[in-house]
Amino acid sequence: MITLKALLVVTAAVYIENSHAFISTSYPIGGLFNRLSLDSSVIAFEEMIHMLSGTCHGEPLRAQVIDGYSTSLELCTYTSDHKGIVSLIDSRPTQGICDTTCLLCNRLNVSHLSLGWELAETYATDLYTFYYHPPPKLISTAYAALIKKLQWDKFTFLYEDDSSFIRLQEVINTWPSMAEPILFRKLDPTSDNRETFKHILKVLHISYHVIDCHVDRIKKYMEEIIQVDNSTEYQSFILTNLNSYTHDFRAMKDLMANVSTLHLTLSNDVKWKDMGMDTVQQLETALAADALNHIEKAIRNMPVSNPLPDPPALCVREGSDYSDIVWPLGADLRKALIETQTRGFTGNIVFDEKDGTRINFKLHYSKLNRESEFVLAGDWDSNTNFITVHNEVVDRSNAVKSNSKIRVAARIARPYFYESSNPNEPTVYKGYAVDLIQAIFERINEAEKLNLEYEIYPVPGNGYGNPVSGTKKWDGIIGELLDHKAELAICDLTITSERNAVVDFSLPFMSLGISMLFKEPEPDEPDKFSFLNPLSLDVWLYLATTYVIVSFVLLICARMCQDDWVNPHPCNQNPESLENIWSLYNCMWLTMGAIMTQGCDILPRAAGSRWVTGVWWFFALIVTASYTANMSTFLSNSRRSSDIKNVKDLADQNQISYGAVLNGSTYRFFQNSNDSVYSKIWTTMISTKPTVFTKDNDEGKERVIRSKGKYAFFMESVAIEYFINRDCDLKMVGSKLDSKEYGIAMPKNYPRKGMVDNAILYLQEKGKLEVMKNKWWIKEDNNKTCEDSADEEDNSGSLQMKNTSGIFLVLGMGGILGLIVAIIDFMLHARQISVKEKVTFLEALASEWRASLNPRELHKPTAPPRSAPPSTASPSPSRRERSQSRAVSVLRAATSFINFDEIY
């Protein structure tokens, strides 16, 4: 015979309201408990039965067995011999199963008030079962809403048994398919789980966790987590047990994690004191009290029945004779339970009339505060599936000691972080990152009234950080954060989705984009004779030869044609001789004037010479027009720079190679881009041998300088600005290819992220970020001032002196040559005058010089005055004839000289 030892406890603690009718009959109520039930539930049941003795009566039924069938046998013995009950408050944890006892109550129309959770599949068939524990679907929906509110991007699901997948099914079903998959790990309540936690925290670097376990084992798991990772301030936990808020975390001094939970009851409910119990009770006890109070009010709402029909014994019967012994008032009591609404320790007690489940209730949202106590933060409403926050609770992870020193990792790179060059001082680091982190902590200490200290150190390996192949680990500066060796990381670290998946970033402190670093091309030697370039050398030679040949042909034609022989004295109708002005000199002057488009003061008269001249003019027209057109094209091409202007120009040529930092953010940009131009650039870079990738920006800059315009380097625009301010031969080419930001990296769930963000916003609003950038980009360590290149003038559209100096050189040489010819001609003329006039050469030269170079005189004597005064005596006739003949000869000579260039 199976003995009863189990605890059957039902407690209810609400004052009795006015009844609609006076009830003289006391209804028998049973409370089923076993050894898994709480002692406080038994005590609450007994206290409540004593308080409600006028309406109902009963005793706790203590079953000594656990399995459902054996429990039903003990229940049969207890309810036999006219000891039946009209309602059974069942506090046993049944793991969601409607066992034999549940089935017996439903067959005999005995109200079965279950305090545990049940599977949704049994709701429709178990009409007489009322579930005071909220449905698992709604509970899991509430936790899914909490995960969404906390903005978790990935998390681990830690559970003790497979029933967790049923009770928290909505957490799994509502998780976005595109998000990081949920990591499931089973915990062993009886053994060591530290290896599991080590893999999750140290290898996978996951910071968000859902723990579904018994409330008594929360301490065990948390202690194991602390032993694995003493930096629990970066962790966040959600405890799904509805009794988790009753756990005392004050003794766990090393736990700095953010802990959240949901619960039905409140710890400060004063109604427990009215029952002589502690103010903090677990959910089972509260549900027992609510169930007993609810059925008492339902009985008061039932029609009066005297005498009360005997309830049936809860025994398993063979055959189908249950319909003959069902309790007649069972349907009325069920209806009264559905229609009766009350409020208890677990909030509103309202049931759905179809399946008997709790509806229209609230779950309280609590978080651990700095004093390691759960504080009410808000509520979740089952009608709206929305969490309303009433009280902002500072995260538990912010409880770090205010005077703890914060380690800041930095990467050595100018101008962000580098050693001071003073050899007489110990190693001192300076740079933009040093100034920025100092300004941030000064602002935090001032705004938060703290005394935070920090130390900044160079990261080993000086790398940004990349995933280690085959593992979940990272190297470089990201690895320092994941291993919790540093709490902050500051350098030229670009915010990318890949990095943001493993660490958090502050608000950006600098915006930038990818651009090209290029070396200014070596300036070409100025071509003084660029005016010759429109025509090739052979054309110039052919043109000169043609000019000479045509001049000779014109000379021959002009001499042969009679119309070009003219009377030198038109007034003399019978001249003794004819004159032809077409000497070789004049022929060449005519052809030269034609090709220069200036014309000439002499023109041919004969048909033959005119045909030759006309054809030459046509030829000169074509040549001159061609030269002018080619000169215009040449000037346009010379102004049009042949340098690379944008990334498309770079992709379309094969003379200039290009690269980026290996495995950097720029490297990833081209690797992951779908743009056709960027994809072409990426394909070219990875296929180029030797490699075009560098280990850092400094190596890329040096390679650009050495290449002399044959290598371009893709890098962040702010780094290019720094380099070009210190090397005038470098320049930034093209527009930015993308838009990105630098941010301060920190581990996931870093407690002071909000403080860092607020400090950066403050520095940005005050303009201090721009001041710091100007200091380190322009002023510090910069002895050069790069001015605009002279090439800028070339792009203005004007023809420069360096390309036209040859024209002036030709003009100068031609002018000097003409001056020399004029001087020689002048001296020869003076010589002729001295011979003819019997004067000295110097006298003739001086006389001609004074007469020729006096701009006020338009006439000059035909002969200079003699050096000796003339005789006063009358000359003899012969002498006078000789003088006249000499004067006539000089006059004729002068006339002949003048007529050489006379215009006809």
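For clarity, every value in this text was computed on a predicted model and none was experimentally measured. The numbering scheme is per chain: residues are counted from 1 as the chain's sequence reads. Where local features are concerned, this predicted model is filtered to residues with pLDDT of at least 70; where side-chain atom pairs are given and counted, the filter is 80 or more; whole-chain, interface and lining totals use all residues. With hydrogens and water set aside, each side-chain value is computed from the structure's full complement of heavy atoms.

**Some details on the overall build of the protein**
A count of helical and extended segments in the protein gives 28 helices and 31 strands. In the protein, buried positions account for 47% of the 904 residues. Contacts were defined at the residue level, with two residues in contact if any of their heavy atoms lie within 4.5 Å. Sequence separation of 24 or more characterises 71% of the internal contacts of the protein that already satisfy a separation of 6 or more. To measure how exposed things are, a 1.4 Å probe is used in the Shrake-Rupley method; for residues, cover is taken only from the protein chains shown. Total accessible area on the protein stands at roughly 46900 Å², and carbon and sulfur atoms take up 54% of it. Counting from the N terminus, the helices are the DSSP runs of H or I reaching at least four residues and the strands are the DSSP runs of E reaching at least two. Between buried and exposed lies partly exposed: a residue is buried under 20% and exposed over 50% of the maximum accessible area for its type, with that area taken using a 1.4 Å probe on protein chains only.

**Overview of the side chain of Asn-749**
Note that Asn-749 resides in the loop between β31 (745-747) and α23 (753-765). Among the polar contacts listed, one links the side chain of Asn-749 to the backbone oxygen of Tyr-234, at a separation of 3.3 Å. In the analysis that follows, any N or O atom pair within 3.5 Å is treated as a polar contact, provided that within protein one partner can donate a hydrogen and the other can accept it, and provided that, for residues neighboring in sequence, both atoms belong to side chains.

**Remarks on helix α4 (residues 136-149)**
The end-to-end C-alpha distance of α4, which contains 14 residues, comes to 20 Å, matching closely the 20 Å that a straight helix rising 1.5 Å per residue would cover. Of all 14 residues that make up α4, 10 are buried, and the element is covered over most of its length. For α4, the full list of buried residues reads Pro-136, Ile-139, Ser-140, Thr-141, Ala-142, Tyr-143, Ala-144, Ala-145, Leu-146 and Ile-147. After α4 finishes, the residue Gln-151 shows a positive phi value of roughly 60°. The length a helix should cover is 1.5 Å for every residue beyond the first.

**Topic: the sheet that holds strand β7 (residues 156-159)**
Backbone-to-backbone hydrogen bonds join strands into a sheet, with any given pair of strands oriented parallel or antiparallel. By this definition, two strands are paired if DSSP reports at least two bridges between them. With mixed pairing, eight strands are arranged side by side in an open sheet as β8-β7-β9-β10-β11-β14-β15-β16. Taken across any chain shown, the strands that pair with only one partner, and hence form the sheet edges, are β8 (183-186) and β16 (386-389). Strand-to-strand, the axes of this sheet are offset by a mean angle of 25°, without reference to chain direction. Axes, fitted as lines to C-alpha atoms, cover a helix only where it is in contact. Angles between the N-to-C directions of the axes lie from 0 to 180 degrees.

**Quick look at the environment of Thr-77**
Structurally, the position occupied by Thr-77 is in helix α2 (residues 68-79). Taking the C-alpha atoms as reference points, Thr-77 and Cys-315, separated by 238 residues in sequence, lie 7.9 Å from one another.

**Observations concerning the packing of helix α7 (residues 194-203) against helix α8 (residues 218-228)**
Remark: α7 packs on α8, axes separated minimally by 9 Å, with the N-to-C direction vectors making an angle of 55°. In terms of orientation, α7 and α8 fall into the oblique class. Pair α7 / α8 crosses with right-handed handedness. Packed against α7, whose contacting residues are Arg-194, Phe-197, Lys-198, Leu-201 and Lys-202, the element α8 presents Tyr-221, Glu-224, Ile-225, Gln-227 and Val-228 at the interface. Considering only residue class, the contact of α7 with α8 consists of five nonpolar, one polar and four charged. Should an angle lie under 35 degrees it is considered roughly parallel, over 145 roughly antiparallel, and from 65 to 115 roughly perpendicular; all remaining angles are considered oblique. In this scheme, a crossing is called left-handed if the near helix is turned counterclockwise away from the far one by less than a right angle; it is called right-handed if the turn is clockwise. Under the grouping applied here, Gly and all other residues not named as nonpolar or charged are polar, the nonpolar ones being Ala, Val, Leu, Ile, Met, Phe, Trp, Tyr, Cys and Pro and the charged ones Asp, Glu, Lys and Arg.

**Description of the pattern of salt bridges**
Between Lys or Arg on one side and Asp or Glu on the other, a salt bridge is scored when a side-chain nitrogen of the former is within 4 Å of a carboxyl oxygen of the latter. Inspection of the entire model under this criterion finds 22 salt bridges. Glu-296 is paired through a salt bridge with Arg-300; the nearest N and O atoms lie 2.2 Å apart. Here Glu-296 pairs with Arg-300, and both are found in helix α10 (residues 283-300), just four residues apart, close to one helical turn. For the pair shown, Glu-296 and Arg-300 are each scored as buried. The partner of Lys-773 in a salt bridge is Glu-721, and the shortest N-O contact between them spans 3.4 Å. In this pair, Lys-773 is assigned in helix α24 (residues 768-779) and Glu-721 in helix α22 (residues 717-724), connecting sequence segments 52 residues apart. For Lys-773, a relative accessible area of 16% translates into the label buried. Judged by its relative accessible area of 25%, Glu-721 is partly exposed. Connected through shared salt-bridge partners, Asp-90, Arg-92 and Asp-99 make up one network.

**Overview of the nonpolar core**
Judged by nonpolar contacts, the single largest core of 68 residues is most densely connected at Tyr-132, Tyr-143, Phe-155 and Leu-292. Here this core gets 10 residues from one element, more than from any other, and that element is α10. Those residues in contact with Tyr-132 that lie beyond four places of it in its chain are Leu-113, Ser-114, Leu-115, Leu-287, Asp-290, Ala-291, His-294, Leu-337, Ile-349, Phe-351 and Arg-358. In terms of nonpolar packing, the next biggest core, distinct from the first, is built from 67 residues, Tyr-418, Trp-682, Phe-693 and Val-733 among them. Put simply, buried Ala, Val, Leu, Ile, Met, Phe, Trp, Tyr and Cys residues joined by side-chain atoms within 4.5 Å make one nonpolar core.

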